[in-house]
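Coordinate analysis (summary)
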Amino acid sequence: QVQLVESGGGLVQPGGSLRLSCATSRSIFNFYAMAWYRQAPGKQRELVAAISSAGDTQYADSVKGRFTISRDIAKNTVTLQMSSLKPEDTAVYYCNSREVVVGAADNIDWGQGTQVTVSS
């Protein structure tokens with residue numbers, strides 16, 4: 001199994017910025033698309049941003065232009081740079097592969113997530 005550890009969350013004021021990091025226990029980016037998801041209380045988990053094994057990116061409409069997903073293959077790390085944060089961005093943020101989410105793979109565990117709170 002592959003372990004994932006999310007970090008970088010915290011409390012930030014509206015309009016602020018935050019950078020989230022996801023560390024993987026071994027190199028997987030050449031074979032799996034990676035994504036950031038978030039879940040707020042009473043809400044379904046939603047896709048925030050994704051990056052394919054080829055480096056192509058996609059974003060939810062709600063974060064497009066404000067968030068950027070990237071990866072550091074040498075460090076086995078995927079990053080979510082968040083800017084112009086809004087209160088509605090408040091949620092627990094998780095990373096995982098797209099393949100695990102759709103049931104095409106079962107060798108990557110879910111991490112604990114990292115809490116992002118946007119409030120004045």
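As a reminder, the structure under discussion sits directly above these lines.
My aim in this report is to walk through the structure given alongside it, one point at a time. Quick caveat, the model's predicted, so the values are computed rather than measured.

What about the sheet that holds strand 6 (residues 57-59)?
The strand order 2-10-9-4-5-6 describes an open sheet built from 6 strands, whose pairing is mixed. Both outer strands of the open sheet, strand 2 (10-12) and strand 6, are each paired with one neighbouring strand and no more. Put simply, the sheet's adjacent strands are angled 25° from each other on average, direction ignored.

What about the pairing of strand 1 (residues 4-7)?
The side-chain alternation of strand 1 yields one buried face, formed by L4 and E6, and one unburied face, formed by V5 and S7. Sheet analysis places strand 1 next to strand 3 (residues 18-24), joined by 4 bridges and oriented antiparallel. Directly across from S7, in strand 3, lies its bridge partner S21.

Considering the state of the cysteines
All chains considered together, the criterion is met by 1 disulfide. Note on cysteine connectivity: C22 is disulfide-linked to C95, with sulfurs 1.8 Å apart. Here C22 and C95 share a disulfide; its torsion about the S-S bond, 55°, makes the bridge right-handed. Note that C22 is positioned in strand 3 and C95 in strand 9 (residues 91-97), a separation of 73 residues in sequence. The exposure class of C95 is buried, given its relative accessible area of 0%.

With respect to the environment of G10
Its location among the elements puts G10 in strand 2. For G10, a relative accessible area of 24% gives the class partly exposed. In this structure the C-alpha to C-alpha distance between G10 and V118, which are 108 residues apart in sequence, comes to 8.4 Å. Among all residues touching G10, those that are not within four sequence positions of it are L18, Q115, V116 and T117.

What counts as what
Residues numbered from 1 in each chain as written. Predicted model: local features only at pLDDT ≥ 70, side-chain atom pairs only at ≥ 80, totals over all residues. Heavy atoms only, no water. Pairing = 2+ DSSP bridges. Helix = DSSP H or I, 4+ residues; strand = E, 2+ residues; numbered from the N terminus. Axes fitted to C-alpha atoms, helices over the stretch in contact; angles between N-to-C directions. Buried < 20%, exposed > 50% of the residue type's maximum accessible area, 1.4 Å probe, protein only. Disulfide = S-S within 2.5 Å. Contact = heavy atoms within 4.5 Å.

From the geometry alone we can't say anything about function, so treat these as descriptive.
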